[in-house]
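Fold and contact review
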Amino acid sequence: SPRSLSDEESSITSTTNSQAISIVCRDCYIPPGNLEIEIASTKDGPVIKSIEDKLLGGHLNVGDLIMALDDNDTRSLSAEELATTLSSRSGFQRKLTLLHFGGTRA
């Protein structure tokens, strides 16, 4: 059966010195199966480093901060810890809460 994704999104835009900075927080529901993404550890929490799965490409972005998995805060987890947790839940739909920082524009 085809895999499908769904997103729920909220966004914040702030203006500083005529430049808009967009910050988007969204929930992305990932269907059961293996995720073909690479995760990196940062001081702010795990971030998406690369996306191999074409289906996920339209929903996840390189650089997205993974804030939560199934409503459990992931910001204190290393990339390895989060990858292990994601793999252990591969038989289920998973909800990722992501924070995306958009660029600045005049």
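So, here's what we can say about the structure. Computed from a prediction, not measured in an experiment: that's the story for all the values here.

The next point concerns the pairing of strand E5 (residues 65-69). Among the five residues that make up E5, five are buried, leaving the element largely enclosed by the rest of the structure. Here E5 hands over to strand E6 (residues 72-73) after two residues, with Asp70 in that stretch at a positive phi of 50°.

By the element assignment, Arg94 lies in strand E7 (residues 94-105). In this structure, Arg94 is buried with no salt-bridge partner, the nearest side chain bearing the opposite charge being Asp70 at 6.6 Å. For Arg94, the side chain forms a polar contact with the main-chain oxygen of Phe92, separated by 3.2 Å. If we ignore the near neighbours within four places in the chain, the residues touching Arg94 are Cys28, Tyr29, Ile30, Pro31, Pro32, Gly33, Leu35, Leu69, Asp70, Leu86 and Arg89.

Further remarks concern the environment of Ala68. Secondary-structure assignment places Ala68 in strand E5. A relative accessible area of 10% means that Ala68 is categorised as buried. Separated by 22 residues in sequence, Ala68 and Pro46 have C-alpha atoms that sit 9.7 Å apart. Setting aside chain neighbours within four positions, we find Ala68 in contact with Asp73, Thr74, Lys95, Leu96 and Thr97.

This next bit is on the pattern of salt bridges. In this structure the tally under the stated criterion is seven salt bridges. A salt bridge links Asp73 to Arg75; the shortest N-O distance between them is 2.7 Å. According to the relative accessible area criterion, Asp73 is partly exposed, its value standing at 46%. One connected set of salt bridges, linked through shared partners, spans Asp27, Asp71 and Lys95.

Quick notes on the rules
Residues numbered from 1 in each chain as written. Predicted model: local features only at pLDDT ≥ 70, side-chain atom pairs only at ≥ 80, totals over all residues. Heavy atoms only, no water. Buried < 20%, exposed > 50% of the residue type's maximum accessible area, 1.4 Å probe, protein only. Helix = DSSP H or I, 4+ residues; strand = E, 2+ residues; numbered from the N terminus. Pairing = 2+ DSSP bridges. Lys, Arg positive; Asp, Glu negative; His and termini not counted. Salt bridge = Lys/Arg side-chain N within 4 Å of Asp/Glu carboxyl O. Polar contact = N/O pair within 3.5 Å; in protein donor to acceptor, adjacent residues only side chain to side chain. Contact = heavy atoms within 4.5 Å.

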